[in-house]
Amino acid sequence: LSQSAQRTVAELLDGGAPLLVEQRVALRRELAAVVARSPFGQGAAWPLVETVQSEGICVQVLAPAPDASEQLREQAQNMALRIADELGVVGVLAVELFETDDGLVINELAMRPHNSAHWTQEGARTSQFEQHVRAVLDYPLGSTGLTAPAVVMGNVLGAPTEPKMGVDERLHHMFARFPHAKAHLYGKSERPGRKIGHVNVLGEDMAAIRREAELAAHFLAHGEWADGHPVH
């Protein structure tokens, strides 16, 4: 803990405040296994994804999770399907995971369409939103296969200062440079660090589309290119 955090903890303890202490997990990376379950008990799992974090906020989701073994992918998907079944989940369930040297550790459960599966809007045969409706209505669940070898979702996070150009103009320039990118904006007011939308990019090369998603999301948030590309 930082010195300021230690002082805060000491003050809380001196004041008699109850505290919940969690063990620090030595993790390699964060993953997410997203599944859906119908009342009839049918289950479907999307490919395991990696969620890339920066300062405690998810900035990108990589589908499928790079360098994940078949054993790891199956373990994560089966774990999520088992949790959904034992809890009687109806709809979408996101299981956030830590990958550690000792295996997978569950971080959080979200019984709803989730940010870690926004990539499915263009990147999967059935999006998490359509699948959620199918499950709630007890319709047969749709295919969860990828529509491209690699898919990246980039979160659009509010900039520290208000952009000089409006959202429509930012979209115009972003689409001009990356016409294949798909943007989804939430209509929220913009403030620093707030998730105001996301961008999905599909392609063959994960490294290339990660860079495109990063640049597109940054421009939609800031109104300027992170790589110095001129705005005409």
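See the structure above.
If you're wondering where the values come from, they're calculated on a predicted model, not measured in any experiment.

Q: Could you clarify how one ought to interpret the nonpolar core in this entry?
A: One finds Val156, Met174, Phe178 and Val199 to be the most contacted residues of the largest nonpolar core, which totals 23 residues. Sorting the residues of this core by element identifies strand S7 (150-157), helix H5 (167-177), strand S9 (195-203) and helix H6 (206-222) as the ones contributing at least two each. Here this core takes nine residues from H6, the largest share from any one element. Once residues lying within four places of it in the same chain are set aside, the contact partners of Val156 are Arg194, Lys195, Ile196, Gly197, His198, Val199, Ala217, Leu220 and Ala221. Counting 19 residues, the second largest nonpolar core, distinct from the first, contains Ala32, Val49, Ala63 and Ala135.

Q: Would you mind going over the side chain of Glu99 with me for this structure?
A: You can see Glu99 is positioned in strand S5 (residues 91-100). Separated by 2.6 Å, the side chains of Glu99 and Arg29 make a polar contact. Excluding its chain neighbours within four sequence positions, the residues that come into contact with Glu99 are Leu27, Arg28, Arg29, Leu31, Leu72 and Leu104.

Q: So what exactly am I meant to see when it comes to the layout of surface pockets here?
A: Vacant regions in the atomic arrangement are exposed by a probe of water-molecule size rolled over the atoms. Of the volumes computed, that of the largest pocket is approximately 510 Å³. For the largest pocket, the lining is made up of 22 residues, of which Val59, Asn155, Leu157, His218 and His222 are closest to its centre. Looking at the lining of the largest pocket, the elements that each hand over two or more residues are strand S3 (49-54), strand S4 (57-63), S7 and H6. Ranked by residues supplied to the lining of the largest pocket, first place goes to H6 with eight residues. Looking at the lining of the largest pocket residue by residue, the class counts come to 10 nonpolar, eight polar and four charged.

Q: What should I look at first to understand the pattern of salt bridges in this one?
A: Here the idea is simple: oppositely charged side chains can pair when their charged atoms come close. Under the counting rule described, the total for this entry stands at 11 salt bridges. Two residues, Arg28 and Glu99, come together in a salt bridge whose shortest N-O distance is 3.5 Å. A residue pair is termed long-range when its members are at least 10 positions apart, and Arg28 in strand S1 (residues 27-37) and Glu99 in strand S5 qualify at 71 residues. By relative accessible area, which is 10% here, Glu99 ends up buried. Between Arg37 and Asp85 there is a salt bridge, and its shortest N-O distance comes to 3.4 Å. Taken together, the residues span a long stretch of sequence, with Arg37 in strand S1 and Asp85 in helix H2 (residues 70-87) at a distance of 48 residues. The class of Asp85 is partly exposed, set by a relative accessible area of 46%. The network of salt bridges with common partners includes Arg28, Arg29, Glu50, Glu99 and Asp101.

Q: Mind showing me how you'd approach the packing of H5 against H6 here?
A: If you want to describe how two helices pack, look at the angle between their axes and the distance between the axes. Following both chains from N to C, one finds H5 and H6 inclined at 160°, their axes separated by 9 Å at the closest point. Taken together, H5 and H6 sit at an angle that is classed as roughly antiparallel. Judged by the twist between their axes, the crossing of H5 over H6 is right-handed. Here Arg170, Leu171, His173, Met174 and Arg177 of H5 lie close against H6, whose contacting residues are Leu215, Ala216, Phe219, Leu220 and Ala221. Across the contact of H5 with H6, the residue classes break down as seven nonpolar, one polar and two charged.

Rules used in this analysis
- Residues numbered from 1 in each chain as written.
- Predicted model: local features only at pLDDT ≥ 70, side-chain atom pairs only at ≥ 80, totals over all residues.
- Heavy atoms only, no water.
- Core = buried A, V, L, I, M, F, W, Y, C linked by side-chain atoms within 4.5 Å.
- Buried < 20%, exposed > 50% of the residue type's maximum accessible area, 1.4 Å probe, protein only.
- Helix = DSSP H or I, 4+ residues; strand = E, 2+ residues; numbered from the N terminus.
- Contact = heavy atoms within 4.5 Å.
- Polar contact = N/O pair within 3.5 Å; in protein donor to acceptor, adjacent residues only side chain to side chain.
- 1 Å grid on protein atoms, 1.4 Å probe; cavity = no way out; pocket = protein on both sides within 12 Å on 5 of 7 lines; lining within 4 Å.
- Points joined across faces, edges and corners; volume = space filled by probe spheres on them.
- Nonpolar A, V, L, I, M, F, W, Y, C, P; charged D, E, K, R; others polar.
- Salt bridge = Lys/Arg side-chain N within 4 Å of Asp/Glu carboxyl O.
- Axes fitted to C-alpha atoms, helices over the stretch in contact; angles between N-to-C directions.
- Parallel < 35°, antiparallel > 145°, perpendicular 65-115°, else oblique.
- Left-handed = near helix turned anticlockwise from the far one by under 90°.

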